[in-house]
Amino acid sequence: MKRYPMYVNGEFAAGESGKWFPVYDPSTEEVIAEVADGSAADVERGVAAARAAFDSGGWPQTTAVERGRILLRLAEKIRQNAAHLAELECRNSGKPIVEAEFDIADTASCFEYYGGLANKIMGHVNPVPENAISLAMKEPVGVAGQIIPWNYPLLMAAWKLAPALAAGCCCVLKPAEQTPLTVLEMAAWLTEVGVPPGVVNIVTGFGESAGAPIVAHPGVDKVAFTGSVEVGKQIMRSASDTLKRVTLELGGKSPNIFFADADFEAAVDGALFGVFINQGEVCSAGSRILVERPVYKKMVEAMSAKAKKIRLGPPLARETKMGPLVSKEQFERVAAYLEVGKKEAKLAAGGGRAKEFGRGYYIEPTIFYDVDNSARIAREEIFGPVAAVIPFDNEAEAIRIANDTPYGLAAAVWRRDIFKAFRMVKALRVGIVWVNHMQPTFVEAPWGGYKHSGFGRELGPWGIEEYLETKQVHINLNEQPIGWY
Ligand code: ADP
Ligand code: MG
């Protein structure tokens, strides 16, 4: 059994408690590794190391071009080891190997993007009405606490680490307790690619015992969180005590909206892809499928027929299209929603555990239809392969239903009439809108939500802004500065 210690101040070590926790393969329910169980004492060490690297270790003073080169070297290491990382990600998270391979490639792309952006962070010259030079300078925000979920383990680490390091910040990152392995493998290359000790610290452990102390720590300047709304609210509350900068990427209940004029075959596939990719364990999952009345019945039938043929299987098999859910806890949460759904709506496909597997947290791709938007399965994020199909009569009703949710992460609109599609784009209160597509995500474009889906943006130049402060500099050019006294 491989043991993974945590990574603090450039060294791998057990936690202060000396305890280890098990990490599973959700397709076999077997323990595949043990990981150091971090506590407040480990967070203390991690923050101290990050503080020292930031305050006196010289990381913010390295040239931007050097920080960029380090990130590019890290990306190169990830590409060289992509097969190994994808396999480990696949085994630990249950996602199909083909999807894991995409994730690892995206991880490298994210480090490459911010490697390239590091020396393109620019300030401003402000045209003040004075004989002076007025500048706005960009500086790193300091030590960033970063807490990430289990659905895209290494990719989420990259979304957090890459912009922070490019900006000159030092990091204390806590991976999800379910999926800490790939980021720890990556940590082993940090010294080699040139990341000095203390600049990146990976503290492993559970939310309450290792996550909350990061959020509460006065030595942390900013916290970036991706996860549930419930924990997001706790984090915001806790961070207020130390006035930390906070960015939150929380859940969603994203509408995937189909008008009658959409290409039918593409629509059916887009609806399934939107909600079932990564077993539906996606914050932007198109879990509310809104369909215009004239094609509603046909669409429910076609989707259900196709959903029943989706190939579930061992995550490592290349033909597998859907693996198990990540954990027993997640399996039980989703299974409970299936029972709720059976009371609230009609079932067209799936609805239970995939019984052909003797073990593993497999859930059938499930489609409920005739769902009322007030039903729990239409309002609450399930984070599993469960679709709620809702009919609508016209554009106004589609907009009303789509926006009638506390969330605002993403939406998709399918219709051929681009004029009408653009009207929808403007009407939807969400941070991301896809037209005639759903889910493709690019490091160049902003990612984040409206409303209860959180605030702040990741990726692109927006992502690095969240790790920067703006300093005003005023350089007087008068021989006699202005003064009254
Ligand atoms: P889920 O319940 O699906 O695992 P969470 O929002 O609970 O989603 O978890 C996302 C991340 O937040 C994980 O890394 C988890 O350990 C962490 N976390 C959970 N609770 C807290 C908390 N109270 N404070 C800080 N981090 C937490
Ligand atoms: Mg939780």
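Below, the structure is looked at part by part. Note that the structure is a prediction, hence the values are computed from the model and not measured. (Residues numbered from 1 in each chain as written. Chains lettered and ligands numbered in written order. Predicted model: local features only at pLDDT ≥ 70, side-chain atom pairs only at ≥ 80, totals over all residues. Heavy atoms only, no water.)

Concerning the packing of helix α2 (residues 64-80) against helix α4 (residues 97-117)
Two numbers describe how α2 lies on α4: the axes approach to 7 Å, and their chain directions differ by 165°. Considering the angle they form, α2 stands roughly antiparallel to α4. For α2 against α4, the interelement crossing comes out left-handed. In this structure, α2 uses G68, L71, L72, L74, A75, I78 and R79 to contact α4, whose residues at the interface are I104, A105, T107, A108, S109, F111, E112, Y114, G115 and G116. (Axes fitted to C-alpha atoms, helices over the stretch in contact; angles between N-to-C directions. Helix = DSSP H or I, 4+ residues; strand = E, 2+ residues; numbered from the N terminus. Parallel < 35°, antiparallel > 145°, perpendicular 65-115°, else oblique. Left-handed = near helix turned anticlockwise from the far one by under 90°. Contact = heavy atoms within 4.5 Å.)

Structural notes on the sheet that holds strand β4 (residues 20-25)
Strand order in this open sheet of 3 strands is β1-β5-β4, and the pairing throughout is mixed. The open sheet terminates on both sides in strands that have one partner only, identified here as β1 (2-4) and β4. Across the sheet, the mean angle separating the axes of adjacent strands is 35° when strand polarity is ignored. Here 3 bridges tie β1 to strand β5 (residues 30-36), and the two strands are oriented parallel to one another. (Pairing = 2+ DSSP bridges.)

A few points about the packing of aromatic side chains
Counted according to the given criterion, the structure contains 10 aromatic pairs. Between W150 and F383, the aromatic rings sit 5.3 Å apart at their centres with planes inclined by 90°, giving edge-to-face as the arrangement. Placement of the pair is W150 in the loop between β8 (143-147) and α5 (153-167) and F383 in the loop between α13 (376-379) and β17 (386-392), with a sequence separation of 233 residues. W150 gets classed as buried once you look at its relative accessible area, which sits at 12%. Among the residues examined, F383 registers a relative accessible area of 16% and is labelled buried. Site record: aromatic cluster; members linked through ring pairs are W159, W434 and W447. Of note, K222 hangs over the ring of Y467, and the distance from its end group to the ring centre comes to 4.7 Å. Here K298 stacks its cationic end above the ring of F264, 4.1 Å away from the centre of that ring. (Phe/Tyr/Trp six-rings, centres within 6.5 Å; stacked < 30°, edge-to-face > 60°. Buried < 20%, exposed > 50% of the residue type's maximum accessible area, 1.4 Å probe, protein only. Lys NZ or Arg CZ within 6 Å of the ring centre and 35° of its normal.)

A look at the nonpolar core
Within soluble globular proteins, side chains that are nonpolar tend to cluster in buried spots. Membership of the largest hydrophobic core comes to 122 residues, with the highest contact counts inside it found for F111, Y114 and I367. The biggest single contributor to this core is α5, with 12 residues. Once you skip the residues sitting within four places of it in the chain, F111 turns out to touch L71, L74, A75, I78, A158, L161, A162 and M186. Grouped together as the second largest cluster of nonpolar side chains are 31 residues, L325, I390, I399 and A402 included. (Core = buried A, V, L, I, M, F, W, Y, C linked by side-chain atoms within 4.5 Å.)

Notes on the site of ligand 1
The environment of ligand 1 is made up of 18 residues, and the closest members are I148, K174, E177, S228 and Q234. A distance of 2.6 Å separates an oxygen atom of ligand 1 from a polar atom in the side chain of S228. Taking Q234, its side chain carries an N or O atom lying 3.1 Å from a nitrogen atom of ligand 1. About the coverage of ligand 1: the protein hides 88% of its 550 Å² of free accessible area. Listed by contribution, the elements that provide at least two residues to the shell around ligand 1 are α8 (207-216) and α9 (229-240). Element by element, the count of residues in the shell around ligand 1 is highest for α8, at 4 residues. Residues of the shell around ligand 1, tallied by class, amount to 8 nonpolar, 6 polar and 4 charged. (Near = heavy atom within 4 Å. Polar contact = N/O pair within 3.5 Å; in protein donor to acceptor, adjacent residues only side chain to side chain. Areas by Shrake-Rupley, 256 points an atom, 1.4 Å probe, with all protein chains shown as cover. Nonpolar A, V, L, I, M, F, W, Y, C, P; charged D, E, K, R; others polar.)

Brief notes about the environment of G350
Here G350 shows up in the loop between β15 (346-349) and β16 (366-369). Given a relative accessible area of 30%, G350 falls into the partly exposed group. Apart from the residues lying within four places of it in its own chain, the contact partners of G350 are E364, P365 and T366.

Here's the deal with unusual backbone geometry
In this structure, D370 is a non-glycine residue whose phi angle is positive, near 55°. Its place among the elements puts D370 in the loop between β16 and α13. According to the relative accessible area criterion, D370 is partly exposed, its value standing at 32%. Phi is positive for F383, close to 60°, though the residue is something other than glycine.

Remember, this is a structural readout, not a statement about activity or role.
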